[in-house]
Amino acid sequence: SLYTTSEIPAHETQIVKTIFQQNWDGIILSTCQPENRLFFDELENSGVAFVLIEREMTGRKYTFVGFNNSSSLYFETLQLLKSGYRRLVLLTGPMEYSNEREAMQGVSNAFGEMKLSLDECLSCLETNRDRESAFKALVPYLQKNGCPECIVSTSTTILEGALQALQITKNL
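Residues numbered from 1 in each chain as written. Predicted model: local features only at pLDDT ≥ 70, side-chain atom pairs only at ≥ 80, totals over all residues. Heavy atoms only, no water.

Enquirer: With reference to specific residues and values, describe the pattern of salt bridges.
Expert: Within the structure shown, the criterion is met by eight salt bridges. One salt bridge connects Glu7 with Arg55, and the closest N-O pair in it is separated by 3.0 Å. Residue Glu7 is located in the segment before α1 (9-21), and its partner Arg55 is located in the loop between β2 (49-53) and β3 (64-65); the two are separated by 48 residues in the primary sequence. Looking at Glu7, the relative accessible area reads 28%, which means it is partly exposed. Between Glu132 and Lys136 there is a salt bridge, and its shortest N-O distance comes to 2.9 Å. On the criterion of helical spacing, the pair formed by Glu132 and Lys136 is a turn pair, its members being four residues apart in helix α6 (residues 131-145). With a relative accessible area of 54%, Lys136 lands in the exposed category. A single salt-bridge network, built from bridges that share partners, covers Asp41, Glu44 and Arg60. (Salt bridge = Lys/Arg side-chain N within 4 Å of Asp/Glu carboxyl O. Helix = DSSP H or I, 4+ residues; strand = E, 2+ residues; numbered from the N terminus. Buried < 20%, exposed > 50% of the residue type's maximum accessible area, 1.4 Å probe, protein only.)

Have a look at this one:
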């Protein structure tokens, strides 16, 4: 079975408890509550095997599978900066997610290598990793600052919201 929590911790907790009751052998989990120690204590004590994907639990090490977001965003941003782009927007999910912090670190490292100021060239807009929050974060930015030279996002869902914001604001 596949469950989605819509990034709502209470939904995630309820789904995991349902899985416990159904005596599953294991869970592959992209958690929306990586800082919730009680949630992970329950998960660990349940006896159900689990693997975290994309987001690591803060302060503990569990079996984890993910991308090297720091490296990916570093090389992507470095190429943009070397190509002369200087007005960038980075759309991320919540910074409590390890993959989002890693993405920001990669961008920061690229700016550092090019000896450019993050404050002068980059606007970082945090979303809830959904289309609506990406749209809501980007529209006011676009209305105030105009269109940046480049928008970088950390997920396809965030990108979809950004594209909607660009479409709406270009008609204003």
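Enquirer: Give me α6: which residues, what numbers.
Expert: Its 15 residues give α6 an end-to-end C-alpha distance of 21 Å, which sits within 8% of 21 Å, the value for a rise of 1.5 Å per residue. Here α6 has its buried residues at Ser133, Ala134, Leu138, Val139, Tyr141 and Leu142. The residue sitting at the N-terminus of α6 and contributing the capping side-chain oxygen is Asp130; that oxygen lies 3.4 Å from the backbone nitrogen of Glu132. Gly146 sits one or two positions beyond α6 and adopts a positive phi of about 80 degrees. (Expected span 1.5 Å × (residues − 1). Polar contact = N/O pair within 3.5 Å; in protein donor to acceptor, adjacent residues only side chain to side chain.)

Enquirer: Explain a nonpolar patch on the surface to me, using residue names and the numbers behind them.
Expert: Together, Ile28, Ile53 and Val65 make up an exposed nonpolar region whose accessible area comes to about 280 Å². Position of Val65 relative to the elements: it lies in strand β3. (Patch = residues over 30% accessible without salt bridge, like charges linked within 9 Å, V, L, I, M, F, W, Y side chains within 5 Å. Areas by Shrake-Rupley, 256 points an atom, 1.4 Å probe, with all protein chains shown as cover.)

Enquirer: Any details on the packing of aromatic side chains? Residues and values, ideally.
Expert: Applying the stated criterion across every chain yields a total of six aromatic pairs. Considering the side-chain rings of Tyr3 and Trp24, the 6.0 Å spacing of their centres and the 35 degrees angle between planes classify their relative orientation as tilted. A residue pair is termed long-range when its members are at least 10 positions apart, and Tyr3 in the segment before α1 and Trp24 in the loop between α1 and β1 (26-29) qualify at 21 residues. For Tyr3, a relative accessible area of 36% gives the class partly exposed. Joined through ring pairs, the aromatic side chains of Phe39, Phe40, Phe50 and Tyr62 make up one cluster. One Lys or Arg, Arg55, reaches over the ring of Tyr97 and ends 3.9 Å from the middle of that ring. (Phe/Tyr/Trp six-rings, centres within 6.5 Å; stacked < 30°, edge-to-face > 60°. Lys NZ or Arg CZ within 6 Å of the ring centre and 35° of its normal.)

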